[in-house]
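Coordinates in review
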2 protein chains.
Amino acid sequence: MRLAILGAGAVGRSVADLASEYGHDVVAVADSQSAAVDADGLDTDAVLERKAGGDAVGTGDLEDVFETDYDVLVEATPTTLDDAEPGFSHVERALTDDRHVVLANKGPVAERYEDLRALEAESAGSVRFEATVGGAIPVLSTIEDETPQAVTAVRGVLNGTANFILTRMAAEGLDYEHVLAEAQDLGVAEADPTFDVDGTDAALKFVILANVLADGGFSLEDATVEGIQNIPGSALDLAAEDGRTIRLIGEATRDSVRVGPRLVPENSALAVTGTRNIVQFETRHAGSLASSGRGAGGPETATAVLSDVGRLPRR
Amino acid sequence: MRLAILGAGAVGRSVADLASEYGHDVVAVADSQSAAVDADGLDTDAVLERKAGGDAVGTGDLEDVFETDYDVLVEATPTTLDDAEPGFSHVERALTDDRHVVLANKGPVAERYEDLRALEAESAGSVRFEATVGGAIPVLSTIEDETPQAVTAVRGVLNGTANFILTRMAAEGLDYEHVLAEAQDLGVAEADPTFDVDGTDAALKFVILANVLADGGFSLEDATVEGIQNIPGSALDLAAEDGRTIRLIGEATRDSVRVGPRLVPENSALAVTGTRNIVQFETRHAGSLASSGRGAGGPETATAVLSDVGRLPRR
């Protein structure tokens, strides 16, 4: 397949880097400033070098990308809320032009799910979004293969930054502010970590899961969300005396989405450590399934994007 | 899709029972004695009642099944080794007739992988076999989505009977013979539990995994296999003093297949309890993924069969 990649952050760059290994060509890469376009296939190493050097990725613009002959638009621009723009318009353009869309951008899938599916229904292209939930962990493909109707709930830890902070607070007896600073130094938390620590990032993922289970009906405002910013170190000490710890746990069913700190047994599957994520699926006929792995990272999320590309039908 | 189900054991019966929920029709069910065939779709409740009552499932025979207009042959007859017959011939007939094949029977996939793929290459039908490894856990689909080249090793616990026995030996301080009898009473171990306790069942699954990673080259005789029959209760006591336990662990890479009892930390992900299974995937770009769940059972394995049916291309 020929990929047009919008977004040259960690995910977009990793998709460009790994695409050929999965047998695909990259015909376009665009960041917010410029675009590189070559219908015969870009020299992705050169594009990535220019980006790394602080130079423009190319001499074209977004319209040049849309006018190229590509098969799949990879939407890896930053997640935005509410109207999910400009990502939503990117997706709309591709589907109107009968191309496939693979999203790593959570915005359109969490905030405008029904609009997205309506555009898909009118298009010869298909929409997939494994990379929006759980990084490298096969979450949406698992639900798809079980069929959504056979999955009654999805629960788990889907934000590695918050999980890392809680793990370190418990392990070292340090307070939240101290561990947050450590996480930022390590690059595990961003300069503005708000969406990770206030539960928004996890909530967007569980909203997406609820939309898949219920075929729409949810956006971020429907989620009940509590973050980890107010957890004192003493709460973790108290939990430990009882053989428990605290994790930022989310749950999605057909009826609701909730994210918040929960007490879990220390040896529970949900008590993943560090930046690791875990998802538990409750199913009608197969009991409980659990999948864990790296929930974030450029290469990790890129494997989810490329996995989706592999599951698209030929155009 | 129209399913023709060979085998009316726990798996075959569950597939017949759940097929309509997944949107499929069952046009044939055969056990070793007889076959029920109806090109317009069988009354699966009636067929299952006859089987439960000890009566013949139908008035037809195997040839009647093959002459029906079906889309997918579900091969759920008992696993056999070496020439993998009669299962292999069933698969051969279906592929020669350009039908799809979904296997729960491990024999053809473990023992005659290259023959199987050669038949598939000549056929308009496709072969899938998620149900042969790990019951309800999405194992082969995960490797397929990552692409086999990106997976460097697969490791884990894939026999619930052996795992149950080891879990109980450790928990209760009982010896092997005692816990095996308990397992048989509970239906967790068969009257003849040999393949479960000597590691053969697990080895067949890891042989299948190696075949997928390396695109062939392995059969059961290539695996290095040790079972759990000789583990004394004292070994588990000794392990516990060191914070460890013993599990029957298998590993498949492109180069080798090994199954044997291993010491693992008590809180390790590999130390699953009871009949639960777990699979860890080492990947090139996404670190380590792990999936756990119910590795056996009629409905559990049927969900894997039906998941495969859902991933088949239209004939």
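Scroll up a little and you will see the structure.
Scope of this entry: the structure provided in the associated data block. (Residues numbered from 1 in each chain as written. Chains lettered and ligands numbered in written order. Predicted model: local features only at pLDDT ≥ 70, side-chain atom pairs only at ≥ 80, totals over all residues. Heavy atoms only, no water.)

**Some points on the packing of aromatic side chains**
All names here are of chain A. Summed over all chains, the structure comprises two aromatic pairs over all chains. With 6.3 Å between their ring centres and 90 degrees between their planes, Tyr113 and Phe129 make a pair best called edge-to-face. Taken as a pair, Tyr113 in helix α6 (residues 113-121) and Phe129 in the loop between β6 (127-128) and α7 (140-146) lie far apart in primary sequence, 16 residues in all. When its relative accessible area of 2% is taken as the criterion, Tyr113 is described as buried. Look at Phe129 and you get buried, because its relative accessible area is 6%. The ring of Phe88 has Arg112 lying over it, and the distance from NZ or CZ to the ring centre is 3.6 Å. (Phe/Tyr/Trp six-rings, centres within 6.5 Å; stacked < 30°, edge-to-face > 60°. Helix = DSSP H or I, 4+ residues; strand = E, 2+ residues; numbered from the N terminus. Buried < 20%, exposed > 50% of the residue type's maximum accessible area, 1.4 Å probe, protein only. Lys NZ or Arg CZ within 6 Å of the ring centre and 35° of its normal.)

**Looking at the sheet that holds strand β1 (residues 2-6) of chain B**
All names here are of chain B. Ordered in space as β3-β2-β1-β4-β5-β6, the six strands form an open sheet in which the pairing is mixed. Each edge of the open sheet is held by one strand with a lone partner, namely β3 (35-37) and β6 (127-128). With two bridges joining them, strand β5 (residues 100-103) and β6 adopt parallel strand pairing. By the bridge assignment for β6, Val101 is matched with Val127. Strand contacts of helix α1 (residues 10-18): β1 and β2 (25-30), with the helix running at about 160 degrees to β1, the strand carrying the most contacts. (Pairing = 2+ DSSP bridges. Contact = heavy atoms within 4.5 Å. Axes fitted to C-alpha atoms, helices over the stretch in contact; angles between N-to-C directions.)

**Comments concerning helix α1 (residues 10-18) of chain A**
Taken residue by residue, α1 of chain A has Val11, Gly12, Ser14, Val15, Ala16 and Leu18 of chain A as its buried positions. Turning to α1 of chain A, the residues buried within the fold contact β1 (2-6), β2 (25-30), α2 (44-52) and α13 (298-310) of chain A.

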